[in-house]
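Reading the structure
Next come the chains, spelled out residue by residue.
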Amino acid sequence: MMHVNGDDIELVLCTAPAGKADHIARILVDERYVACVNIQEVRSVFRWEGEVQVEDEMLLICKTAAGRREELFRRLREIHPYDVPEILAIPVQDGDPEYCSWVRTEVSG
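Structural notes, computed from the coordinates.

Here we come to the packing of aromatic side chains. Across all of its chains, the model carries one aromatic pair by this definition. Geometrically, the ring pair formed by Y99 and W102 is tilted, given 5.5 Å between the ring centres and 45° between the ring planes. In this pair, Y99 and W102 are both assigned in helix α3 (residues 97–108), three residues apart and thus about one turn of the helix distant.

So this is what it looks like as structure tokens:
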């Protein structure tokens, strides 16, 4: 299988409440900030306002082009219900050329 440098493709991770995850994902795909969002159940343990919290959340795994990162971060902050949402970008080192091309096309359309 041929691979391509995917250095312009990123995974953006964002946790959200279960009742909001699908809505957030649909907005991001519909507005072409991302090509695809996978949604997984997770349990998060974190300190917030001096107290250790345990929350069942959904993890959004968003596929996008690096050039859309700033706009995606801004849009996530606008539509997210949390005061300080988790938004982390992870660069893709390598990927299937057809998939990477599809991601690029979807977010540039």
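Text resumes after the structure shown.
Before going further, it helps to examine unusual backbone geometry. Of note, the phi angle at R32 is positive, near 65°, even though the residue is not glycine. Residue classification places R32 among the partly exposed positions, given a relative accessible area of 31%.

Attention now goes to helix α2 (residues 69–79). Within α2, the full set of buried residues consists of L72, F73, R75, L76 and I79. Summarising the axial view, the buried residues of α2 lie within an arc of 165°, below the 170-degree limit, and thus occupy one face. Seen from the buried face of α2, the exposed residues on the opposite side, beyond 90 degrees, are E70 and R77. On its buried face, α2 sits against β2 (9–16), α1 (18–30), β4 (51–65) and β5 (88–91).

Volume-wise, the largest pocket comes out at about 370 Å³. In terms of lining residues, the largest pocket is bounded by 14 residues, among which F46, W48, E57, Y82 and V84 are the most central. Looking at the lining of the largest pocket, the elements with two or more residues in it are β3 (36–48) and β4. Residues of the lining of the largest pocket, tallied by class, amount to six nonpolar, three polar and five charged.

This brings us to the sheet that holds β4. Taken in spatial order, the four strands line up as β3-β4-β2-β5 in an open sheet, and their pairing is antiparallel. The sheet terminates laterally at β3 and β5, the two strands that pair on one side only. In this sheet, neighbouring strand axes are inclined to one another by 30° on average, regardless of whether the strands run parallel or antiparallel. Pairing geometry for β2 and β5, over four bridges, is antiparallel. For V12, the partnering residue across the bridge sits in β5 and is A89.

Attention shifts here to a nonpolar patch on the surface. A cluster of nonpolar side chains, namely V45, V52 and V54, defines an oily patch on the protein surface of about 280 Å² accessible area. As for its position among the elements, V52 is in strand β4.

The rules behind these values
- Residues numbered from 1 in each chain as written.
- Predicted model: local features only at pLDDT ≥ 70, side-chain atom pairs only at ≥ 80, totals over all residues.
- Heavy atoms only, no water.
- Phe/Tyr/Trp six-rings, centres within 6.5 Å; stacked < 30°, edge-to-face > 60°.
- Helix = DSSP H or I, 4+ residues; strand = E, 2+ residues; numbered from the N terminus.
- Buried < 20%, exposed > 50% of the residue type's maximum accessible area, 1.4 Å probe, protein only.
- Arc of directions from axis to C-beta.
- Contact = heavy atoms within 4.5 Å.
- 1 Å grid on protein atoms, 1.4 Å probe; cavity = no way out; pocket = protein on both sides within 12 Å on 5 of 7 lines; lining within 4 Å.
- Points joined across faces, edges and corners; volume = space filled by probe spheres on them.
- Nonpolar A, V, L, I, M, F, W, Y, C, P; charged D, E, K, R; others polar.
- Pairing = 2+ DSSP bridges.
- Axes fitted to C-alpha atoms, helices over the stretch in contact; angles between N-to-C directions.
- Patch = residues over 30% accessible without salt bridge, like charges linked within 9 Å, V, L, I, M, F, W, Y side chains within 5 Å.
- Areas by Shrake-Rupley, 256 points an atom, 1.4 Å probe, with all protein chains shown as cover.
- Salt bridge = Lys/Arg side-chain N within 4 Å of Asp/Glu carboxyl O.

By themselves, these observations are geometric and do not establish any function.
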